[in-house]
Amino acid sequence: MNSESTPGLDVLLQNARRRAGLTQAQLAGLATVSVRAIRDLEQGRVRNPRKETLKLLANAMRMSDARRVELELAADAHAAGRVLQSLYSADLAAPPTPLRPLIGRRGELEALTDRLDNRHDRLLTLVGLPGVGKSRLAQEAALVLHARDRMPVLWVPMDRTPDAGPELGPQAPLAEWVRSLIRDGDRFEELTSVIGSKPTLIVLDGLDDSAPAVPVLLNLLRSCERLKTVVTSRRVTQPPAGRLLPLAPLPAPAEHPAGSVLPGDSLVAGRPAVELMLSFVSHMRPDLLPTDAVTTALAHICHRLDGIPQALEAAASWLLLYSPDQLLEIARSTPLLLVDGVTPATSAPGATLGERLGDALTELDARTADLLTALAALPEPWTVDAAAHAVGRPLTETARDVHGLLLRGLIRQHATEPGGPVGFTVLNLVRELMAARRPTADLVGAAD
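What counts and what doesn't
Residues numbered from 1 in each chain as written. Predicted model: local features only at pLDDT ≥ 70, side-chain atom pairs only at ≥ 80, totals over all residues. Heavy atoms only, no water. pLDDT = per-residue confidence, 0-100. Helix = DSSP H or I, 4+ residues; strand = E, 2+ residues; numbered from the N terminus. Contact = heavy atoms within 4.5 Å. Patch = residues over 30% accessible without salt bridge, like charges linked within 9 Å, V, L, I, M, F, W, Y side chains within 5 Å. Areas by Shrake-Rupley, 256 points an atom, 1.4 Å probe, with all protein chains shown as cover. Salt bridge = Lys/Arg side-chain N within 4 Å of Asp/Glu carboxyl O. Phe/Tyr/Trp six-rings, centres within 6.5 Å; stacked < 30°, edge-to-face > 60°. Buried < 20%, exposed > 50% of the residue type's maximum accessible area, 1.4 Å probe, protein only. Pairing = 2+ DSSP bridges.

1. Some remarks on the confidence of the model for the protein chain
Predicted coordinates in regions of low pLDDT should not be interpreted in detail.
Then step 1. In this model, the protein chain carries an average pLDDT of 84, and 83% of its residues clear a pLDDT of 70 or more.
Then step 2. Per-element averaging of pLDDT across the protein chain places helix H6 (residues 80–90) at the bottom with 65 and helix H15 (residues 324–333) at the top with 96.
Then step 3. Counting contacts from residues 1–6, a segment whose pLDDT is below 50, to residues more than four positions away or on other chains yields 12 contacts.
Then step 4. Segment residues 440–448 is flagged for pLDDT under 50; beyond a separation of four residues in sequence, or across chains, it makes zero contacts in the model.

2. Overview of a nonpolar patch on the surface
Then step 1. A cluster of nonpolar residues, Met284, Leu320, Leu321, Tyr322 and Val342, forms a patch on the protein surface that exposes about 430 Å² of accessible area.
Then step 2. Looking at the secondary structure, you find leucine 321 in the loop between helix H14 (309–317) and H15.

3. Some points on the packing of aromatic side chains
Then step 1. Under the counting rule described, the total for this entry stands at two aromatic pairs.
Then step 2. With a centroid separation of 6.1 Å and 25 degrees between ring planes, the pair formed by tryptophan 318 and tyrosine 322 is classed as stacked.
Then step 3. With a relative accessible area of 15%, tryptophan 318 lands in the buried category.
Then step 4. With centroids separated by 5.5 Å and ring planes inclined at 35 degrees, the aromatic side chains of tryptophan 382 and phenylalanine 424 adopt a geometry described as tilted. A residue pair is termed long-range when its members are at least 10 positions apart, and tryptophan 382 in the loop between helix H17 (366–376) and helix H18 (384–391) and phenylalanine 424 in strand E7 (residues 423–426) qualify at 42 residues. We note that tryptophan 382, like phenylalanine 424, is buried.

4. Examining the pairing of strand E2 (residues 153–157)
Then step 1. The buried fraction of E2 amounts to five of the five residues, a majority that puts the element mostly inside the structure.
Then step 2. Here E2 shows no split at all, with Val153, Trp155 and Pro157 on one side and Leu154 and Val156 on the other all buried.
Then step 3. Pairing geometry for E2 and strand E3 (residues 200–205), over five bridges, is parallel. Residue pairing in the sheet places tryptophan 155 in a bridge with valine 203 of E3.

5. Overview of the pattern of salt bridges
Then step 1. Applying the stated criterion across every chain yields a total of 20 salt bridges.
Then step 2. Across the pair glutamate 363 and arginine 408 runs a salt bridge whose closest N-O atoms are separated by 3.5 Å. Placement of the pair is glutamate 363 in the loop between helix H16 (353–362) and H17 and arginine 408 in helix H19 (residues 395–408), with a sequence separation of 45 residues.
Then step 3. In this structure arginine 408 comes out as buried when scored by relative accessible area, which is 19%.
Then step 4. In this structure, arginine 431 engages glutamate 380 in a salt bridge whose closest nitrogen and oxygen atoms are separated by 2.4 Å. Of this pair, arginine 431 sits in helix H20 (residues 428–447) while glutamate 380 sits in the loop between H17 and H18, and the two are 51 residues apart along the sequence.
Then step 5. For arginine 431, a relative accessible area of 24% translates into the label partly exposed.

Structure below.
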C-alpha cells in the first residue's frame, strides 16, 4: 500500500495509545509487552511485528474491530485477504454514509439498481461531467443493495485528489489495497479467493483512465460469478468499462425570452435543480424564506449553472455575501465566478470544479472541439441532422461526435413533446468556458 496516502503502523499505534490515555509504560504493563518493544514500534523500527504482539496491544487499548482492521493492514499488506474475510464476518463492509439525502435522482437511482439486480449487467459505468453527482448516485445505489440484500460493499476511490469522494474511515487501508490491485493489474488472487461466489459490490469511484483496468475487472468478474462492479468516470475510454449509464445535470427551469419563469411552488414541482438548490440554501441561510421572489431568483441561477449539483452547492455559499437577486446578476454576467464557492475547497491544481470543467474541454480533440464551437452558435434546441447540415459533415460522423459530447456531459437533451424530434443544447457553463478561452486563442492566431 502507499504509505503517503494511509497512516503507517507507527502513527496508528501512537494515535491509539493517546486516545486510550496511556503512557508507553502503562501500555506495557497492561499488554505484557516491553516498553522497548512499544517504543520501537512507534518509531517505525520494526518491519515485521509479531501478530500476537499487535493483538496484545490492541486488547490492552480496547481497540474497535474497525481500528484492528487498520492496524493489521498497516502491519502487513499481504494480510488484506484475511482482513477482507473479517470484513464480511464483522459486517463492516458498508458504503460510506452520505451527509444529506439524495434529491432529484429517483429515476436514475431506479435505473441503476435495476441494472444491478440484472444478473447479466455486472460491470456498469456512470459517466458524466465533473460535479454532476456520479459518486453520490453510486453511493445511494450501494446503500440500497447493502440495506436490502446485506450485500458487502467495497468503496474504492480511484481518484486521489482531496475532493475525490466521501470519507471511508476504517475501510481506507483496504480500499487503498484494492486500488493498487486495479492499477497494477495483478496480485488479485487473495481478493478473488475471499469473494468467491458471495454477492459483492465493488465501486471504483473516479476511474477516469479505465482502459488499462478493464482486463483486470473482467478477470475479477470471471473469477467471482456474483461480483458486481460500478465505475464512475468523467469520460469514456476504449474499450469502455461495461455498460454505460450517462448522468446528465439535474433538470432546471428554462428562461423565457422575457427572462421570466413561473413563480412559487411550480418551480419546485418537477424541477429537481431548484429543489436541491433550496436544500443548500436552507443549510447556508436558514433565515432566508423560500418566497416566490427568492425561489424565482434561485431558479434563474439553476438555469445559468445548468443544474450541476456541485455548482449549485458552490453558488449557495455566496449567499453569505450576497442577496439572491445580487447572486442572480453575477450568475447572468460571470457564472464561472460562482462554481468554486466563496473559497476553493482546495488549493491543489486541477482540483476545483471550474478547473475540472475546463479540463473536460481541453481533452477534446480538434475536430470535436470545432464541432462544439459550431453547435454553440446554432439556434437551440438543435437536432443531429441540423448539426450535420450546419457544419457540412456526414451525418454518421456528426452523430458519433454528438454522442461523444453527450456522454461527456458537455451537451444535454432538450425536453421536447412526446414523439417529437430529439433536440440538444450546449450547457451554459460550457459556453462561458469557451468564451473565456476565445480571446487567448485569437491572440495566438494574430501572432501567427
